[in-house]
Amino acid sequence: MTVNLLHDRLLPIKTPDLYRANQAILCTCQKYNISLGTWTSGIDKDTYDMIFSIPTSSLKFYQSELFLKSLRNFWTQSGFLIAEEAEMVGYQIRGISAYSLVFRLQTVA
């Protein structure tokens, strides 16, 4: 059984900014012809920042650094500030911790 550890920190709403930031991930995946598996996005309950979690296991491919650079550029060109980027435990899979690359985005006013 897989447990998403960020799920409880996210509001069950979708905003236009969240939709635009999600589109950036989807477009970048299409550009590199990859699938990230079970990535997560949502609005943080406490700060209202956008949170994106990508399992690090899905970032183990030849062009992963180019993919991440392209994604970061796409977000910044779309008017988002990457306020935080960190690798942390994002999932529990059968009691074993699995790491994710977590981004905290804010809309540039």
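Provided above is the structure to which this section pertains.
Remember, predicted model here, so these are calculated numbers, not experimental data.

This part takes up the environment of Met88. Counting through the fold element by element, Met88 comes out in strand S5 (residues 80-93). Met88 sits 36 residues away from Phe52 along the chain, and the two C-alpha atoms are 12 Å apart.

Glancing now at the pairing of strand S4 (residues 50-55). Counting buried positions along S4 gives six out of six residues, so the element sits mostly inside the fold. Side chains Met50, Phe52 and Ile54 project from S4 onto one buried face, and the interleaved Ile51, Ser53 and Pro55 project onto a second face that is buried too. Taken together, the four bridges between strand S3 (residues 40-44) and S4 define a ladder with antiparallel strand orientation. Bridge assignment links Gly42 to a residue of S4, and that residue is Ile51. Connecting S3 to the next strand, S4, in antiparallel fashion are five residues, including Tyr48 with a positive phi near 65°. As paired elements, S4 and strand S6 (residues 96-107) share six bridges and run antiparallel to each other. If you follow Ser53 over to S6, its bridge partner there is Val102.

Taken as a class, soluble globular proteins show a tendency for nonpolar side chains to be buried jointly. Grouped together as the largest cluster of nonpolar side chains are 20 residues, with contacts concentrated most on Met50, Phe52, Phe67, Trp75, Phe103 and Leu105. Of all the secondary-structure elements, those providing two or more residues to this core are helix H1 (16-32), S4, helix H2 (64-77) and S6. With six residues, H1 is the largest single contributor of residues to this core. Discounting chain neighbours no more than four positions away, the residues touching Phe103 are Met50, Ile51, Phe52, Ile54, Leu68, Arg72, Trp75, Ile82, Glu84 and Glu85.

About the cut-offs
Residues numbered from 1 in each chain as written. Predicted model: local features only at pLDDT ≥ 70, side-chain atom pairs only at ≥ 80, totals over all residues. Heavy atoms only, no water. Helix = DSSP H or I, 4+ residues; strand = E, 2+ residues; numbered from the N terminus. Buried < 20%, exposed > 50% of the residue type's maximum accessible area, 1.4 Å probe, protein only. Pairing = 2+ DSSP bridges. Core = buried A, V, L, I, M, F, W, Y, C linked by side-chain atoms within 4.5 Å. Contact = heavy atoms within 4.5 Å.

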